[in-house]
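Summary of the model geometry
These are the residues of each chain, in order.
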Amino acid sequence: MTMITATTSAARANDVALKPPGRLVLLDARFAHGGAWAGVEQLIEMAWHDLRARGRVDLLARNEYALHMVLRRHRDAIPIRYASLTDLAAGVERTRNFPLDRAYRIGHALVDLILAWRVDTGEAARWTIVAQRFDEAQNLATRFFHELARRGAAIGIDVLAQTAGGTAWLGAPDRAVPAELARQATVDLPDHDLATAAQALRDHPDLLSQMMLVDRHGPAILAMHDANRDDLLAARTALRMICLFNHFGYYHESAGFVDRVLPYFDAIVGDDEDSRWNYLGNIYQGLVMTGRADEARGIVEARAAAQLSRPELRAKMHYLLAMAHLRYADAPDLAATEQHLDAALADLARARGTIPESDDAFLTVFIENGLAFLRVRQGRRDEALALCQHGYRRLTETLGEDKHRLHRSVLQYNSAQVCTMLGQLDLALEFYARAIEMDPYYSEYYNEVGNVLQRQERYDEALAAYASADRYSAPYPELFHNRGVCEARLDAWDAAAASLTRSLDLDPDQPDVLVLRAEAAETLGREDAALADLDAALAIDRDLVAARVNRAVIRYRRADYAAALADMDVVVALDDDPDHRDNRGAIHRAMGNAALADRERAAAAALRAA
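Below is a short write-up of the structure. These figures come from a predicted structure and were not determined experimentally.

1. A closer look at the pairing of strand E3 (residues 127-132)
With six of six residues buried, E3 lies mostly within the body of the structure. Of the two faces of E3, the one lined by Trp127, Ile129 and Ala131 and the one lined by Thr128, Val130 and Gln132 are each fully buried. Here strand E2 (residues 23-28) runs beside E3; their pairing, made up of five bridges, is parallel. Looking at the pairing, aspartate 28 lines up with glutamine 132 of E3. For E3 and strand E4 (residues 157-163), the ladder comprises five bridges, and the chain directions are parallel. Pairing of alanine 131 across the sheet is with alanine 161, part of E4.

2. Re the environment of leucine 170
Tracing the chain through its elements places leucine 170 in the loop between strand E5 (166-169) and helix H9 (179-185). Along the sequence, leucine 170 and arginine 150 sit 20 residues apart, while their C-alpha atoms lie 8.0 Å from each other. With residues up to four places along the chain from it excluded, the contact list for leucine 170 reads Phe134, Phe145, His146, Ala149, Val159 and Ala161.

3. Section: the pattern of salt bridges
Summed over the entire model, instances satisfying the criterion amount to 57 salt bridges. When the shortest N-O distance is used, the salt bridge between arginine 75 and aspartate 215 registers 3.1 Å. Taken together, the residues span a long stretch of sequence, with arginine 75 in the loop between helix H5 (64-70) and helix H6 (85-88) and aspartate 215 in helix H11 (residues 211-227) at a distance of 140 residues. Each member of the pair, arginine 75 together with aspartate 215, is buried. Two residues, arginine 133 and glutamate 136, come together in a salt bridge whose shortest N-O distance is 2.7 Å. Here glutamate 136 falls in the partly exposed class, since its relative accessible area comes to 36%.

4. A short note on the environment of aspartate 215
The class for aspartate 215 is buried, based on a relative accessible area of 7%. For the pair aspartate 215 and leucine 411, spaced 196 residues apart in sequence, the C-alpha separation works out to 32 Å. Residues within four places of aspartate 215 in sequence aside, it is in contact with Arg72, Arg75, Leu244 and Phe248.

5. Focus: helix H27 (residues 493-506)
The first and last C-alpha atoms of H27 sit 20 Å apart over 14 residues, in line with the 20 Å expected at 1.5 Å per residue. Regarding H27, the residues found buried are Trp493, Ala496, Ala497, Ser499, Leu500, Ser503, Leu504 and Leu506. Residues of H27 that are buried make contact with helix H7 (100-121), helix H8 (139-152), helix H26 (477-489) and helix H28 (511-523).

Rules behind the numbers
- Residues numbered from 1 in each chain as written.
- Predicted model: local features only at pLDDT ≥ 70, side-chain atom pairs only at ≥ 80, totals over all residues.
- Heavy atoms only, no water.
- Buried < 20%, exposed > 50% of the residue type's maximum accessible area, 1.4 Å probe, protein only.
- Helix = DSSP H or I, 4+ residues; strand = E, 2+ residues; numbered from the N terminus.
- Pairing = 2+ DSSP bridges.
- Contact = heavy atoms within 4.5 Å.
- Salt bridge = Lys/Arg side-chain N within 4 Å of Asp/Glu carboxyl O.
- Expected span 1.5 Å × (residues − 1).

Below is the structure:
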């Protein structure tokens, strides 16, 4: 086996990509050294160089968004064709953050690329990918290596995690690791080049204000300040890392710096209220997106409520606190949400005349958008729709067609969602069309349009919308599930099975998708495959009624009456429905239990009468 220690050198990466079969690739997974995609970036760079040399521009183009995000040193050579407004907007124009799973989609695309690369090489021997210091990786790198192990095993890729506690196969922890392989996987890794970090700061005195430079040099600069025991400068750098990772939608990575920033936060921001608010907003975002809403709310209350005097900043503070209660809390508090939104609008009224009219219009509409969200939760959907449309008109009249284009597209999108809830599907599609006109490459718009069209039984149009959603995003399982449902309704069962399989490849923990794929398999005459999917669905959710009913039907057809009866006993206990009673009665009759069959028929009749 050829051992390859990955490097960021372009020439060296191209060289290792052409090594003979039997690869052992060593990757440095330390977050403190390589950032969010530590180790992953090294592996992807190898694939990128080799696929370019092979002329596989099709594979690279299909995954260009993920490549652009992860290959930091090569971004200029990897343009994004389908950048959404969320990608492009900056400063006050960026009024929507990425959803948490957008970064996970990038990970899916990266795994797709490595699997395609593995197949394209045609190598017979298995590859062993070693994530060194795996216990020091962060969320995204950890997810990538686990996904690569799960999806790559079938095509000859094994992933070994090397940690302070030893080495183990990801996905097969009980499988023994040969002693020689464990020895090869445990090698010394270099420390940061602190001299280069210091030179970067000398070359760029404003480095911390330049996001791309923070992305490239931040970890080494942080290590330099730690080595110098300068905790304040380290905290200042960590605060910029929080902003960087929030910008990319890497929220776990962002939130990981909060604890080392907070003791020095007041010293960093001083009396600058704008800086205080901007940094608090970034801290808040990383925390709420990773399930730490109570902590985020407490930090904002402790470090903004008494320190912010300007009413427009206090209005923003109350808006964030409202969303902490409404959007992110485990148990939403609608009353507290309304109190904070009322306070935000009152603060904004006090600011009127002291801030530009454009800022007043934007902030008012932004806060009223939050109020519309509350009205939806309160069941007052007509009011929500009116707020969204009033906000859109005011922004357009005050700011024109070009300013705050992202936020105006979001208002149209919110209107579309409310109309969908109200069952006004044609009007919803009109609002979606307006949102798409302003933001044509935002994948979720097309996915939701497909769902509306599917509700209208306009299946061919829905499939076209799903195709656009696929084109404009790295892969996500919900999209392929939705497409599979649409294909099933068209009786295109082979296509449905393929779409559902793709969804399950990306996320196997989807019992409902397994049930639908089982239906596809059964329709196509693959009964054993159908049973396997139903078994898998019930292993995830043993109380899934649809899976038990469908499995009972197959078992009944196979004359496995005892097993069919066991499923239907559970079904009736979970959902005492007359059809389920009839099914259980049919099983009793097939087993020769006429009296029990009659009892079930009588029970079904009584339920229907009731």
